[in-house]
Amino acid sequence: RRLILIGPPGSGKGTQSPIIKDEYCLCHLATGDMLRAAVAAKTPLGVKAKEAMDKGELVSDDLVVGIIDEAMKKPSCQKGFILDGFPRTVVQAQKLDEMLGKQGAKIDKVLNFAIDDAILEERITGRWIHPSSGRTYHTKFSPPKVPGVDDVTGEPLIQRKDDTAAVLKSRLEAFHKQTEPVIDYYKNKGVVADLHAEKPPKEVTSEVQKVLSS
Ligand code: AP5
Ligand code: ZN
């Protein structure tokens, strides 16, 4: 299967991804995670992406399309994948269609994490991450056993640099202006499933499972 997860910052895309991946054996490609790794490693790509990311703006279409084009060549991604955080502009969606078209493939489902903006600040500012595994915690909604420490490895957790109330505002603006049109792009193709992303994580998981088994 070829799936896209789309939704505003903090809507739960990264939280649901590992569950979907384990259950449906897909490759998980998260452009945000890949860009953060490039920034941390100070690669040429990371250097170019950093400024936009720190401000909560989108990185250029060419850069992210390049990353996805490269990543989708992995053998584990040939039969199916979950795209988390891509495409985020209509241009990116068109490029993706072109890439898939060459292989005679297409997107099967777009999971739309629909949620009210008002809920997102609390989710974003309470988020803690274990960088090497991608495990995500929340101080209130899913706290680690020991504050600031990963349950599995005992390693320290970090907060994302863009997870402040001020940067969230720009990220939301980018979502409404540039990414919402992508949802319409796929609605016209009849592949969008709307989720109630404001519900607790387990209930969102059940909704995802229902959509994917139908
Ligand atoms: P990216 O990393 O994609 O960030 P984002 O879209 O802002 O999404 P988040 O990762 O913040 O949210 P999420 O939905 O994954 O939330 P999570 O599940 O962790 O992008 C970062 C930046 O990279 C962009 O701003 C841009 O600069 C650049 N970029 C990336 N892709 C790009 C592209 N294609 N084009 C151009 N630029 C690009 O959940 C959040 C918190 O809430 C967690 O603490 C979690 O525990 C908690 N939580 C989750 N679900 C629930 C629930 N149901 N109930 C209660 N709490 C919950
Ligand atoms: Zn995420």
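Structure: see above.
Described below are features of the structure shown in this document.

How each quantity is defined
- Residues numbered from 1 in each chain as written.
- Chains lettered and ligands numbered in written order.
- Predicted model: local features only at pLDDT ≥ 70, side-chain atom pairs only at ≥ 80, totals over all residues.
- Heavy atoms only, no water.
- Core = buried A, V, L, I, M, F, W, Y, C linked by side-chain atoms within 4.5 Å.
- Buried < 20%, exposed > 50% of the residue type's maximum accessible area, 1.4 Å probe, protein only.
- Helix = DSSP H or I, 4+ residues; strand = E, 2+ residues; numbered from the N terminus.
- Contact = heavy atoms within 4.5 Å.
- Near = heavy atom within 4 Å.
- Polar contact = N/O pair within 3.5 Å; in protein donor to acceptor, adjacent residues only side chain to side chain.
- Areas by Shrake-Rupley, 256 points an atom, 1.4 Å probe, with all protein chains shown as cover.
- Nonpolar A, V, L, I, M, F, W, Y, C, P; charged D, E, K, R; others polar.
- Disulfide = S-S within 2.5 Å.

### So, the nonpolar core
If you look at the biggest cluster of nonpolar residues, it comprises 33 residues, and the most contacted ones within it are Leu-96 and Tyr-186. Examining the composition of this core, we find that six residues originate from one element, helix α4 (residues 61-71), more than from any other. Beyond its immediate chain neighbours, meaning those up to four positions away, Tyr-186 contacts Ile-4, Pro-87, Ala-93, Leu-96, Ile-107, Val-110, Val-191 and Val-192. Membership of the second largest hydrophobic core comes to 19 residues, among which are Ile-82, Ile-115, Val-208 and Leu-212.

### Looking at the site of ligand 1
The environment of ligand 1 is formed by 35 residues, the closest being Thr-15, Glu-57, Arg-88, Arg-127 and Arg-171. At 2.9 Å from an oxygen atom of ligand 1 is found a side-chain nitrogen or oxygen belonging to Arg-36. Between ligand 1 and the protein, one listed contact pairs an oxygen atom with a side-chain N or O atom of Arg-160 at 2.9 Å. Relative to its free-state accessible area of 1100 Å², ligand 1 is covered by the protein chains to the extent of 95%. Elements supplying a minimum of two residues to the shell around ligand 1: α1 (13-24), α2 (31-40), α6 (120-125) and β6 (135-138). For the shell around ligand 1, the leading source of residues is α2, giving four residues. Taken together, the residues of the shell around ligand 1 break down into 13 nonpolar, 12 polar and 10 charged.

### So, the state of the cysteines
The full count for this structure, using the stated rule, is one disulfide. What pairs with Cys-27 in a disulfide is Cys-77, and their sulfur atoms sit 2.1 Å apart. Judged by the sign of its S-S torsion, about 110°, the cystine formed by Cys-27 and Cys-77 is right-handed. Taken as a pair, Cys-27 in strand β2 (residues 27-30) and Cys-77 in the loop between α4 and β3 (81-84) lie far apart in primary sequence, 50 residues in all. The two residues Cys-27 and Cys-77 agree in class, both being buried.

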